[in-house]
Amino acid sequence: MKKSYGVNELRRMYLEFFESKDHLVMKSFSLVPHNDKSLLLINAGMAPLKPYFTGQEIPPRKRVATCQKCVRTGDIENVGKTARHLTFFEMLGNFSFGDYFKHEAIAWSWEFLNGVLGLEEDRLYPSVYGEDDEAFDIWNKEIGIPAERITRFYRDPETGECDNFWEHGAGPCGPCSEIYYDRGEKYGCGKPDCKVGCDCDRFIEVWNNVFTQFEGDGKGNYEELSQKNIDTGMGLERLAVVMQDVDSVFDIDTMKAIRDKVCEMSHKTYQTDALDDVSIRLITDHIRSSTFLVSDGVMPSNEGRGYVLRRLIRRAARHGRMLGIDGVFLAKLSETVISESKDGYPELEEKKAFIFKVLTQEEESFNKTIDQGLAILGEMMTEMEQKGTKTLSGENTFKLYDTFGFPVDLTQEILEEKGFDYDEAGFNACMQEQRTRARNARKVTNYMGADASVFEQVSPDITTEFVGYDQLSCQAKVTVLAAAVEDGDGKTVSALVDAISEEYGTIVTDVTPFYATMGGQQGDKGVIETEDGRFIVEDTVKLVGNKYGHVGHMEFGVIKVGDTVTLSVDERLRAQVCRNHSATHLMQKALREVLGTHVEQAGSYQDSERTRFDFSHFSAMTPEELKKVEDMVNAKIAEGIPVQTDVMTVDEAKKTGAMALFGEKYGEKVRVVSMGEFSKELCGGTHVKNTADITAFKIVSENGVAAGVRRIEALTGDNVFAYYHRLEEELEAAARIVKSTPANLAERLEHLMAEMKALQSENESLKSKAAKNALGDVMDQVVTVKGVKLLAANVSGVDMNGLRDLGDQLKGKLGEGVVVLASDCEGKVNLVAMATDGAMKQGAHAGNLIKAIAGLVGGGGGGRPNMAQAGGKNPAGIKDAIAAAEGALEQMLS
């Protein structure tokens, strides 16, 4: 019998059901894709599992079940306007990688919906791909669904497309079988032919089985796959609508709690005003997306996924204002999101202080500019009305985006409310630089986003075992070789080879002590040797399918596939990298102690020279804060704390208080690196044995790299001593220049600066006196223009500063009026205009006066009504410019 289960209960029931069917239940992956440059954000349940479908990686088990958090913003403009659209949703999925297929998938979907959830048999309607007789027979003969209640969907004869056949270009594809639930006539369109497939809300799809059984060439030709897969998707929110028998996703328990909070904050009642309802739904959706994105480490910015987050936050903030909510409110609303969802996503509770900080910072930032931006947009729309145009220019749209932080869809939304649109092509032209940069950051990929490389041809069964935590040298067998070769067109490409001799190439072995670049740590360097060959390893990289590639060149000899080789890591470089990596752990903990627990790692890089650490913080660190962090790290180094590594499950690690990284993909077992009770982190990198091995730590820079992200660069060990040695040399060189010693340098510089200041003051006084003398007594040149006194004169050899000083003196002598001065100085022209309060009241404007005459000296400029200046390139025009001042002022006073 059907019951009204809550969202959290439905999630738990689904995962427990498939766990009982021998599925490995995996936690939701981060919204930030891992090693997949084809996606900005995870937008489907199967997206994080692509490497298992493509064969790049071997899955942890052939049967997997997940509840995956997803974000899609393709139709963000419809969110709120309808009760159907969401940007954030949860996707339930059960997956088979070459294990079970249609019989089990269909039977289990029916068992869960009808048997576990109690959905009525006579209200469930399966659909199949028109040509998939196998699926039809399973539903009809095995499950017992009457044929008339099974809908066949065929390809469109014109487009060749079909909703019940999943394919995405060339690659694996296959038919689908969906299950619809009849919600009853009250949700229908009333048409006599209303049935499965109708656009109304009566028949709602709750389950979709995708049977990946073909390899398509993208041209309509298909071959049967030897390994068939199952990819099941079911929207959790949509399922909750059915189980709770509510009108829309905004009425299910978890979302209604958020919706009610919005109403409480705005003192509005849902479903009493259509426009208010749009804002209430939009905020309800956007705060969910924003909260989950921030929890996975996404920060607001003007590019990529950071721009997606910024759009969501700023749209929600604006609609909050439209509802009459005063001040910042999103962080408070996020509390409800976390409360409703932490059952399935405990990381929300763990990261809530950080989430609140980011939301508040971005909302406050937007609030500083939104009023001015709205005013500017209002002026633009008024001007459009006066000109009779309905389209805002691309340049103005970009100005709102670039200066006032208005995402273009927010501008579009405001324009549409008034019946306007914007020049999308013009805006895109203005955005070309940003779009080009974003495009370059996205790699060209093949089917399902897997990075195309020569190593995809290698069997996923060939892997590399890393033994470099405990040893820096070992023997291994060469399993794969790749080298740079010329193709038929004379281009250099990478290809699999049987041997390498003089070429650059990559060596893969079954075992290696070389650490591959990952987690911010630079890969090891060293040598690979045989009796007759020596390969210089310049870098080590992680390849698809857990293979380690040793990249470099042959120094001499030959290395062949199958050879037994000796791999030796450069011990000195590894030790330096370890110092930097371990120091980074100490520094992160110190930053959290000094700045607060909102500090989270946003990126890091360690090589043999330095450590670079990016972290979440919202203002520049003070010198005092930097010193505290540096002193704390050096104190822990001096303590000589043993560095301990333990292997355990992620849950066990979190119970110890170990820090995990945003968006990091962890396996079943993780390494926890501890430095006493001070620092404890999940980390797969290499480290020192004792903090004393780091020797010393020095921060050399701190700066901002993005909104809410700061970067520290620091040195350790011998590099610290080298840094101080360079400083000593520079100090001694500076002392020699000013004829002093390092000990007396500060005193000597203070004395020199005092002398310089006195000389500059004397020089300015002499220049002012010379300018006066050069100008002479010009008060007899004063003329009256419509009751306003004007003094226009030129003087030779006076710079802009001197000209302004001279203007101030003459304005004082004049009492009330306008002063215009010109000077030729070092082949260029300086112009200054000044107007007193009385002259301005009569219409004088110094900025407009300068604009009127600057062209005569080959220049341009402007300024305020009381003072303006300009430069020019044509001294010959000074006489004409001075003469034109009177006419320009007269026209102004008219």
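**Notes on the overall build of the protein**
- Across its full length, the protein carries 24 helices and 35 strands.
- Each of the three principal axes of the protein carries a C-alpha extent, and together these read 115 × 80 × 60 Å.
- The buried share among the 894 residues of the protein stands at 50%.
- At a minimum sequence separation of 6, the contacts of the protein that also span at least 24 residues come to 67%.

**Side note on the sheet that holds strand E29 (residues 709–716)**
- Spatial ordering of the open sheet is given by E23-E24-E29-E28, a layout of four strands whose pairing is antiparallel. Across the chains shown, the open sheet's two edge strands, defined by having one partner strand only, are strand E23 (601–606) and strand E28 (697–706). Ignoring which end each strand starts from, the neighbouring axes of this sheet average 15° apart.
- Relative to E29, E28 is paired through eight bridges, and the arrangement is antiparallel.

**Let's talk about the packing of helix H7 (residues 274–295) against helix H11 (residues 352–387)**
- The geometry of H7 relative to H11 is characterised by a closest axis approach of 9 Å and an angle of 120° between their N-to-C directions. As far as their axial angle goes, H11 and H7 are oblique. When the axes of H7 and H11 are compared, the crossing they make is right-handed. Taken together, the residues of H11 that come into contact with H7 (itself represented by Ile287, Ser290, Thr291, Val294 and Ser295) are Phe354, Ile355, Val358 and Leu359.
- For the contact of H7 with H11, a count of residues per class yields six nonpolar, three polar and no charged.

**Some points on the packing of helix H6 (residues 253–266) against helix H9 (residues 330–341)**
- Look at H6 against H9: their axes get within 9 Å of each other, and the N-to-C directions meet at 160°. In terms of axis orientation, H6 runs roughly antiparallel to H9. Here H6 and H9 pass one another in a crossing that is right-handed. Contacts from Asp253, Thr254, Ala257, Ile258, Lys261, Val262 and Met265 in H6 reach Lys332, Leu333, Thr336, Val337 and Glu340 in H9.
- Across the contact of H6 with H9, the residue classes break down as six nonpolar, two polar and four charged.

**Remarks on the pattern of salt bridges**
- What the rule picks out here adds up to 46 salt bridges.
- The partner of arginine 12 in a salt bridge is glutamate 16, with the nearest N and O atoms 3.1 Å apart. Of this pair, arginine 12 and glutamate 16 are both found in helix H1 (residues 7–19), four residues apart, which corresponds to roughly one turn of the helix.
- Its relative accessible area of 39% is what places arginine 12 among the partly exposed residues.

**Section: a negative patch on the surface**
- On the surface, Asp156, Glu158, Glu161 and Asp163 cluster together into a negatively charged patch.
- Relative to the helices and strands, glutamate 158 resides in the loop between strand E5 (151–153) and strand E6 (165–166).

**Here we look at the confidence of the model for the protein**
- Residues of the protein with pLDDT of at least 70 account for 95%, and the chain-wide mean is 88.
- Contacts of residues 437–452 to residues separated by more than four positions or lying in other chains number 33 contacts, the stretch itself having pLDDT below 50.

**Topic: H6**
- Its 14 residues place the ends of H6 20 Å apart at the C-alpha level, agreeing with the 20 Å of an ideal helix rising 1.5 Å per residue.
- Within H6, the full set of buried residues consists of Thr254, Met255, Ile258, Arg259, Lys261, Val262, Cys263, Met265 and Ser266.
- Close packing links the buried residues of H6 with H1, helix H5 (236–244), H7 and H9.
- Downstream of H6 by one or two residues, histidine 267 has phi in the positive range, about 60°.

**A closer look at unusual backbone geometry**
- A positive phi is found at histidine 267, a non-glycine position, where the angle reads about 60°.
- Position of histidine 267 relative to the elements: it lies in the loop between H6 and H7.
- Of note in the backbone geometry, lysine 739 takes a positive phi value of approximately 55° without being a glycine.
- Residue classification places lysine 739 among the exposed positions, given a relative accessible area of 74%.

**Remarks on the packing of aromatic side chains**
- Going through the model one piece at a time under the given rule, you end up with 31 aromatic pairs.
- Pairing phenylalanine 398 with phenylalanine 427 gives two aromatic rings, centres 6.3 Å apart and planes at 50°, and the pair type is tilted. With phenylalanine 398 in helix H12 (residues 394–404) and phenylalanine 427 in helix H14 (residues 424–430), this pair connects stretches of sequence that are 29 residues apart.
- Across from the ring centre of tyrosine 125, 5.0 Å away, lies the NZ or CZ of arginine 149, which sits over that ring.
- The ring of tyrosine 469 carries arginine 671 above its face, with NZ or CZ at 3.3 Å from the centroid.

Here is what the cut-offs are and how they apply
- Residues numbered from 1 in each chain as written.
- Predicted model: local features only at pLDDT ≥ 70, side-chain atom pairs only at ≥ 80, totals over all residues.
- Heavy atoms only, no water.
- Helix = DSSP H or I, 4+ residues; strand = E, 2+ residues; numbered from the N terminus.
- Buried < 20%, exposed > 50% of the residue type's maximum accessible area, 1.4 Å probe, protein only.
- Contact = heavy atoms within 4.5 Å.
- Pairing = 2+ DSSP bridges.
- Axes fitted to C-alpha atoms, helices over the stretch in contact; angles between N-to-C directions.
- Parallel < 35°, antiparallel > 145°, perpendicular 65-115°, else oblique.
- Left-handed = near helix turned anticlockwise from the far one by under 90°.
- Nonpolar A, V, L, I, M, F, W, Y, C, P; charged D, E, K, R; others polar.
- Salt bridge = Lys/Arg side-chain N within 4 Å of Asp/Glu carboxyl O.
- Patch = residues over 30% accessible without salt bridge, like charges linked within 9 Å, V, L, I, M, F, W, Y side chains within 5 Å.
- Areas by Shrake-Rupley, 256 points an atom, 1.4 Å probe, with all protein chains shown as cover.
- Lys, Arg positive; Asp, Glu negative; His and termini not counted.
- Charge placed at Lys NZ, Arg CZ, Asp CG, Glu CD.
- pLDDT = per-residue confidence, 0-100.
- Expected span 1.5 Å × (residues − 1).
- Phe/Tyr/Trp six-rings, centres within 6.5 Å; stacked < 30°, edge-to-face > 60°.
- Lys NZ or Arg CZ within 6 Å of the ring centre and 35° of its normal.

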